Amino acid sequence: MDSQSNYTSMEDFYKSLEMTIYLSSFDDTNADRTVQLINKTNQFNTTARRYDMHQLNNFKNNGFNIIVIGYEDKYSTFENIGVIILKSLRDSSNILVIDLYVLSCRLLGRGIENIIPKIISQHFISGEITSIQGEIIKTERNTPARNVYAESGFKKKEKSIWEYRQEKKYIPPTWAKIKNSINDYR
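Residues numbered from 1 in each chain as written. Predicted model: local features only at pLDDT ≥ 70, side-chain atom pairs only at ≥ 80, totals over all residues. Heavy atoms only, no water.

1. Observations concerning the overall build of the protein chain
Regarding its fold elements, the protein chain presents five helices and eight strands. Mapped in sequence order, the helices and strands of the protein chain form the string α-β-α-α-β-β-β-α-β-α-β-β-β. Relative to the globule expectation of 16 Å for 186 residues, the C-alpha radius of gyration of the protein chain, 16 Å, shows essentially globular dimensions. Expressed along its principal axes, the backbone C-alpha trace of the protein chain runs to roughly 50 × 35 × 35 Å. When the 186 residues of the protein chain are sorted by exposure, 48% land in the buried category. The long-range share in the protein chain, meaning contacts at least 24 apart out of those at least 6 apart in sequence, stands at 67%. Taken as a whole, the protein chain presents about 9,600 Å² of accessible surface, with 45% of it coming from carbon and sulfur. Of note, the protein chain has its 25 positive side-chain charges centred 4 Å away from the centre of its 22 negative side-chain charges. (Helix = DSSP H or I, 4+ residues; strand = E, 2+ residues; numbered from the N terminus. Rg over C-alpha atoms; globule rule 2.2 N^0.38 Å. Buried < 20%, exposed > 50% of the residue type's maximum accessible area, 1.4 Å probe, protein only. Contact = heavy atoms within 4.5 Å. Areas by Shrake-Rupley, 256 points an atom, 1.4 Å probe, with all protein chains shown as cover. Lys, Arg positive; Asp, Glu negative; His and termini not counted. Charge placed at Lys NZ, Arg CZ, Asp CG, Glu CD.)

2. Some points on helix α2 (residues 31-40)
The set of residues buried in α2 consists of A31, T34, V35, L37 and I38. When α2 is viewed along its axis, its buried side chains cluster within an angular range of 160 degrees and face the same direction. α2 presents D32 and K40 as exposed residues on the side facing more than 90 degrees away from its buried surface. (Arc of directions from axis to C-beta.)

3. Some points on the packing of aromatic side chains
One pass over the structure, following the stated rule, counts nine aromatic pairs. Taking the centre distance of 6.2 Å and the plane angle of 45 degrees together, the rings of F13 and Y14 count as tilted. Here the two residues F13 and Y14 agree in accessibility, since each one is buried. With centroids separated by 5.1 Å and ring planes inclined at 85 degrees, the aromatic side chains of Y22 and F78 adopt a geometry described as edge-to-face. (Phe/Tyr/Trp six-rings, centres within 6.5 Å; stacked < 30°, edge-to-face > 60°.)

4. Notes on the pairing of strand β5 (residues 131-135)
Within β5, five of the five residues are buried, which leaves it mostly tucked inside the rest of the structure. With burial as the criterion, each face of β5 is covered, one bearing S131, Q133 and E135 and the other bearing I132 and G134. As defined by bridge partners, strand β4 (residues 92-103) adjoins β5 across four bridges and the pair is classed as parallel. Counterpart to I98 in the pairing with β5 is G134. For the crossover that starts at β4, traverses helix α4 (residues 112-124) and ends in the parallel β5, the hand is right-handed. Strand direction decides the pairing type here: β5 and strand β7 (residues 161-164), joined by four bridges, are antiparallel. Residue pairing across strands places Q133 opposite E163, the latter belonging to β7. (Pairing = 2+ DSSP bridges. Right-handed = clockwise from strand over helix to strand, strands pointing away.)

5. Concerning the confidence of the model for the protein chain
The predicted coordinates ought not to be read in detail in places where the model reports low pLDDT. The predicted model of the protein chain has a mean per-residue pLDDT of 91, with 95% of residues at 70 or higher. The secondary structure element of the protein chain with the lowest average pLDDT is helix α1 (residues 10-17), at 89, and the one with the highest is α2, at 98. (pLDDT = per-residue confidence, 0-100.)

This is the structure in structure tokens:
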């Protein structure tokens, strides 16, 4: 595998990996892996919430957006490596809340963790949805996830709540291909 020290910039290193990020909706083909990621990921886990298959299916049936994040590069084959769960804010139908964001820690440091919230926000913010909020609940083990929203362009709203409002169109990085097949439940 190429060493990052062989490149003059992180972006050049990322490009060399030939990454593809897949965003897809929770379904029967990725359900088992989704449950596994949610219940076994500790380091990059924004809220430490745990859900089983029954709860996820109930969420899906009640309008939550469960997004499964897949990844491949020139050194590895496709694998689902993360999950984001979005729901409507209880008091507002035009704000979505990231209930949970988990990502396999073996992929941290490739820039993926910070572009996913931006891409998700870009996808969902429209005339009806005005902002996306994310929460960080600190645990003993989730230090790697604690700054994800700050580093993804979210602004601090409250003690542990961060908010993203689309001020201009987000342009995804050129160093990764994004394949988006998210179904909107909203």
